[in-house]
Amino acid sequence: MDPYKIREDFPILKRKINSNPLIYFDNAATTQKPRQVIEAISDFYENYNANVHRAVHTISLEATERYEKAREKISAFIGARDSSEIVFVRGTTEAINLVAYSWGLGNLGKGDEVLVSLMEHHSNIVPWEIVAKLRGFTVEYAQVHADGTLDYEDFESKFSSKTRIACLSQVSNVSGVVNDVKRIAKVAHEHSALMLVDGAQSVPHMPVDVKDLDIDFLAFSGHKMLGPTGIGALYARRELLEKMGPFQGGGEMIKDVSLSQGRETCDITWNEPPWKFEAGTPNTSGAIALSEAVKYLEQIGMADVLEHERLLNEYAVKQMQKFPKVTIYGSSGLSSKCGIIPFNIDGLSSHDVALYFDNYGIMIRSGFHCAQPLHQVFRLQSSARASFYIYNTREEVDRFMEVLQEIEQL
Amino acid sequence: MASVENYVARIEGTCGAEKDVIVVFKYDKKDEAIDRILKKAQLKNCLAGIIFELAFNNVSFRVYSSGKAIFRSIKNKEELFKILTSLLF
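Keep in mind the model is a prediction, meaning the values are calculated, not measured.

Draft legend 1. Main features of the overall build of chain A. If you tally the helices and strands in chain A, you get 14 helices and 17 strands. On C-alpha atoms alone, chain A measures out to a radius of gyration of 22 Å, which is about the 22 Å that the 2.2 N^0.38 rule sets for 410 residues. Based on the C-alpha atoms only, the size of chain A along its principal axes is roughly 80 × 55 × 35 Å. Out of the 410 residues in chain A, the part that is buried amounts to 59%. Taking all contacts inside chain A whose residues are at least 6 apart in sequence as the whole, residues at least 24 apart take part in 72%. Here chain A displays about 16400 Å² of accessible surface, and carbon together with sulfur accounts for 49% of that area. Computed over 42 positive and 54 negative side-chain charges, the inter-centroid distance for chain A is 1 Å.

Draft legend 2. Inspection of the overall build of chain B at higher detail. Assigned secondary structure in chain B consists of 2 helices and 6 strands. Along chain B, helices (α) and strands (β) appear in the sequence β-β-α-β-β-β-β-α when read from the amino end. The principal-axis extents of the C-alpha atoms in chain B amount to approximately 35 × 30 × 25 Å. A burial count over chain B gives 47% of its 89 residues as buried. Excluding contacts between residues fewer than 6 apart, the proportion of contacts in chain B whose partners are at least 24 apart in sequence is 41%. As displayed, chain B has an accessible area near 4800 Å², and 50% of this comes from carbon and sulfur atoms. Computing the positive centroid from 15 side-chain charges and the negative centroid from 11, chain B places the two 2 Å apart.

Draft legend 3. Structural context of the pairing of strand β6 (residues 138–142) of chain A. Residue and element names in this part refer to chain A. Bridge count for strand β5 (residues 113–117) against β6 is 5 bridges, and the pairing is parallel. Within β6, the position partnered with valine 116 by the bridge is tyrosine 141. As for the winding sense of the linkage, the β-α-β connection from β5 through helix α5 (residues 126–135) to β6 is right-handed.

Draft legend 4. Structural view of the confidence of the model for chain B. This prediction gives chain B a mean pLDDT of 90; 99% of its residues lie at or above 70. Taken over the whole predicted complex, pTM reads 0.93, whereas the ipTM for its chain interfaces reads 0.83.

Draft legend 5. Inspection of helix α11 (residues 302–320) of chain A at higher detail. All names here are of chain A. Over its 19 residues, α11 extends 27 Å from the first C-alpha to the last, a length consistent with the 27 Å expected when each residue adds 1.5 Å. The complete set of buried residues in α11 reads Met302, Val305, Leu306, His308, Glu309, Leu312, Asn313, Ala316, Val317, Gln319 and Met320. One side of α11 carries all its buried residues, which in axial view fall inside an arc of 165 degrees. Contact partners of the buried residues in α11: α1 (3–7), α3 (58–77), α10 (284–300), β13 (326–328), β14 (340–345) and α14 (394–408).

Draft legend 6. Structural view of empty space enclosed by the protein. Following the criterion strictly, the structure yields 1 cavity of 30 Å³ or more and no others. Along the lines of polarity and charge, the residues of the lining of the largest cavity split into 5 nonpolar, 4 polar and 1 charged.

Draft legend 7. Region of interest: the sheet that holds β6 of chain A. All names here are of chain A. Here we have 7 strands laid out as an open sheet, ordered β4-β10-β9-β8-β7-β5-β6, and mixed in their pairing. With one partner strand each, in any of the chains shown, β4 (86–89) and β6 form the two edges of the open sheet. Looking at each pair of strands side by side, their axes are set apart by 20 degrees on average, direction ignored. Each of β5, β6, β7 (163–169) and β8 (194–198) is contacted by α5, which is oriented at about 150 degrees to β6, the strand it contacts most.

Draft legend 8. Region of the structure containing the pattern of salt bridges. Evaluated as defined, the whole model comprises 32 salt bridges over all chains. The salt bridge partner of glutamate 12 of chain B is arginine 10 of chain B, with a shortest N-O separation of 2.7 Å. Counted as one network, the salt bridges with shared partners bring together Asp352 of chain A together with Asp20, Glu53, Arg62 and Arg72 of chain B.

Draft legend 9. Looking closely at the sheet that holds β14 of chain A. Residues and elements named next belong to chain A. Taking strand neighbours across the sheet as the criterion, the 4 strands line up as β13-β14-β17-β16 in an open arrangement whose pairing is antiparallel. A strand with exactly one partner marks an edge of an open sheet, and here the two such strands are β13 and β16 (365–367). Taking each pair of neighbouring strands and ignoring which way they run, the sheet shows an average axis angle of 30 degrees. Relative to β14, β13 is paired through 3 bridges, and the arrangement is antiparallel. Of the residues in β14, the one forming a bridge with valine 326 is isoleucine 345. In the packing of α11 onto the sheet, contacts are made with β13 and β14, and the angle to β14 comes to roughly 15 degrees. Those strands touched by helix α12 (residues 350–359) are β14, β16 and β17 (383–387), and its axis lies near 160 degrees from that of β16.

Rules used throughout
- Residues numbered from 1 in each chain as written.
- Chains lettered and ligands numbered in written order.
- Predicted model: local features only at pLDDT ≥ 70, side-chain atom pairs only at ≥ 80, totals over all residues.
- Heavy atoms only, no water.
- Helix = DSSP H or I, 4+ residues; strand = E, 2+ residues; numbered from the N terminus.
- Rg over C-alpha atoms; globule rule 2.2 N^0.38 Å.
- Buried < 20%, exposed > 50% of the residue type's maximum accessible area, 1.4 Å probe, protein only.
- Contact = heavy atoms within 4.5 Å.
- Areas by Shrake-Rupley, 256 points an atom, 1.4 Å probe, with all protein chains shown as cover.
- Lys, Arg positive; Asp, Glu negative; His and termini not counted.
- Charge placed at Lys NZ, Arg CZ, Asp CG, Glu CD.
- Pairing = 2+ DSSP bridges.
- Right-handed = clockwise from strand over helix to strand, strands pointing away.
- pLDDT = per-residue confidence, 0-100.
- Expected span 1.5 Å × (residues − 1).
- Arc of directions from axis to C-beta.
- 1 Å grid on protein atoms, 1.4 Å probe; cavity = no way out; pocket = protein on both sides within 12 Å on 5 of 7 lines; lining within 4 Å.
- Points joined across faces, edges and corners; volume = space filled by probe spheres on them.
- Nonpolar A, V, L, I, M, F, W, Y, C, P; charged D, E, K, R; others polar.
- Axes fitted to C-alpha atoms, helices over the stretch in contact; angles between N-to-C directions.
- Salt bridge = Lys/Arg side-chain N within 4 Å of Asp/Glu carboxyl O.

Next up, the structure:
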């Protein structure tokens, strides 16, 4: 893959910040959008904007066709058996909330356990804790090693007959460590538990096949993989979606609402999955633009995306290790990581570091990255984070190092 | 009427255990805001002409030439507005 050619598709990368070329290293938070994705949104509103599924007129049928084709594209991208296993949601957070409420409220109760890891994003902790308070089950936390890798022995030892679902990110949004979710899924199924994978940091960066991983749920966001904000997907096995109750009520998610004979109530029949879980007018343009993003990534090839990020990561980490005041967190095993580098500089807060880089047009993240428990494991107030994607180059990493050296010498 | 909003575009609490507050100055007013602050606050250190380490009324903070400031140990929004008003007017 050629990142220099790819960059030509991203209008924002021509921008200057404080008279410096924009270097965007905050890709774990959100990615930039290629022209093809931006134009897909414009094309929808300029040519066939209409509400889907509800009308017989020409442009509604066109919008419906494109919306459902987008579902097929995304379904194939992650290896789902059928497009009905893809529910469009706002993003990873809503996808996990959907499972916690729709599946959790109907299937979890006192005495049950939900097993998560301490490296999870708050999105894979808080929904379970909220529903736990409603239903009386407990949330168990598996340990993480000091280097940020998962303590597999601890995770596996915490499975019991009480465990109903295990929830694990495939890639940590803080450390970039890749978890063997296939291994955990196998153990989960041996205990008759389900397996939910937070794919927010994996689906955009590596080949992911839900059949090969043998997982039950996969949540991911469009905006972290070149797509627009406000669109993402939940993959769930068809038989689970059929048994789960709806998440929200409204239009589209019902097949029939009729006033009962002689009674002042309504009889309601739910729609088939996935529409049962898509109440109200969906983010049609978002879904179509996300399928365009998927097409863009497929043309590059996900194995090449991963390789590019790993090479950049290795190139950057090797140089950063030469700075005595810089501490890099997470595993040193670069082959088991994606392009995410969490670090701090002695004597400076992560926010100071991020603001200094910002002065030179280099965008990095600072803070907890919505993973406070993992920062407690690392005993950190916060951390700075550089994260790469397909359009980042070695020259950008070199510029990052020049500024890093300047910061270290302050 | 002199108001902090004349100079300040956004105030954001940072994410992290530090509970710092970032003040983002309006782009077209940032240089004027920094000049005013530098005249009132005590300059502790200037790092590479980019970071100004400052103190004012026992509050330490850093101002960046890009038009952002990071305040530490601020109790609440009222205290921050009081300090900003004193610094900017």
